[in-house]
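Analysis of the macromolecular model
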Amino acid sequence: MSKVGIIMGSKSDLPVMQDAIDILNSFHIEVEVDIVSAHRTPEKLFDYGQNAHTRGFSVIIAGAGGAAHLPGMIASLSPLPVIGVPVKSSNSIDGWDSVLSILQMPGGVPVATVALNGAKNAGILAAQIIGSHNVDVLNKLIAYKEELKQKVHESAKDLK
């Protein structure tokens, strides 16, 4: 089974990143969560980025606030797809610094970037990447999207 690595710059990012953990758990995708600071633990960052593919990970979700270097640095070190989650933190400029730091990567170092505090979508995107080669996950995604559609239909009925 595929595994997703979820990393964040500090424990204060966990309330946002929990949405990715929860949605991946709902799809029965194994998740490993860690704190890897690009600025305070650069050795750990290098080890994680260079070795994640040897540890059974298929995708890495990296959440960071402020300067938000974690997703880009991991992407520069790892051959795996990296999904960046900009986090609106206490030291950010309304989150824009995080969004732009993760979004504006140079050519050759892609980071798939979701919305500010958009960890749930990061988890869904990771599941879709895995689902492209895992029929069990694909079927769970199809069922999930059907549930979303049904919720909209039910909400529309409530208006009438």
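Residues numbered from 1 in each chain as written. Predicted model: local features only at pLDDT ≥ 70, side-chain atom pairs only at ≥ 80, totals over all residues. Heavy atoms only, no water.

1. Some points on the packing of aromatic side chains
For the structure on display, the rule yields two aromatic pairs. Ring geometry for Phe 27 against Tyr 144: centres 5.5 Å apart, planes inclined by 85°, an arrangement best described as edge-to-face. One end of the pair, Phe 27, is in the loop between helix H1 (14-26) and strand S2 (30-35); the other, Tyr 144, is in helix H6 (residues 135-159), and 117 residues separate them in sequence. Accessibility assignment for this pair places Phe 27 and Tyr 144 in one class, buried. Plain terms: the ring middles of Tyr 48 and Phe 57 are 5.8 Å apart, the flat faces sit at 35° to each other, and that makes the pair tilted. One exposure class covers both Tyr 48 and Phe 57, and it is buried. In this arrangement the basic side chain of Lys 3 is found over the ring face of Phe 57, its NZ or CZ atom lying 4.7 Å from the centre. (Phe/Tyr/Trp six-rings, centres within 6.5 Å; stacked < 30°, edge-to-face > 60°. Helix = DSSP H or I, 4+ residues; strand = E, 2+ residues; numbered from the N terminus. Buried < 20%, exposed > 50% of the residue type's maximum accessible area, 1.4 Å probe, protein only. Lys NZ or Arg CZ within 6 Å of the ring centre and 35° of its normal.)

2. Brief notes about the UniProt feature "binding site: substrate" (unreviewed entry) in the chain
In this structure's numbering, the residues bearing the UniProt feature "binding site: substrate" (unreviewed entry) are Ser 10, Asp 13 and Arg 40. Along the chain, Ser 10 falls in the loop between strand S1 (3-8) and H1. The contacts of Ser 10, once residues within four sequence positions are left out, are Ile 35 and Arg 40. In this fold, Arg 40 is placed in the loop between S2 and helix H2 (42-51). Here the side chain of Arg 40 touches Gly 9 through a polar contact of 3.1 Å, landing on its backbone oxygen. (UniProt positions renumbered as here; feature names shortened; annotations may be inferred. Contact = heavy atoms within 4.5 Å. Polar contact = N/O pair within 3.5 Å; in protein donor to acceptor, adjacent residues only side chain to side chain.)

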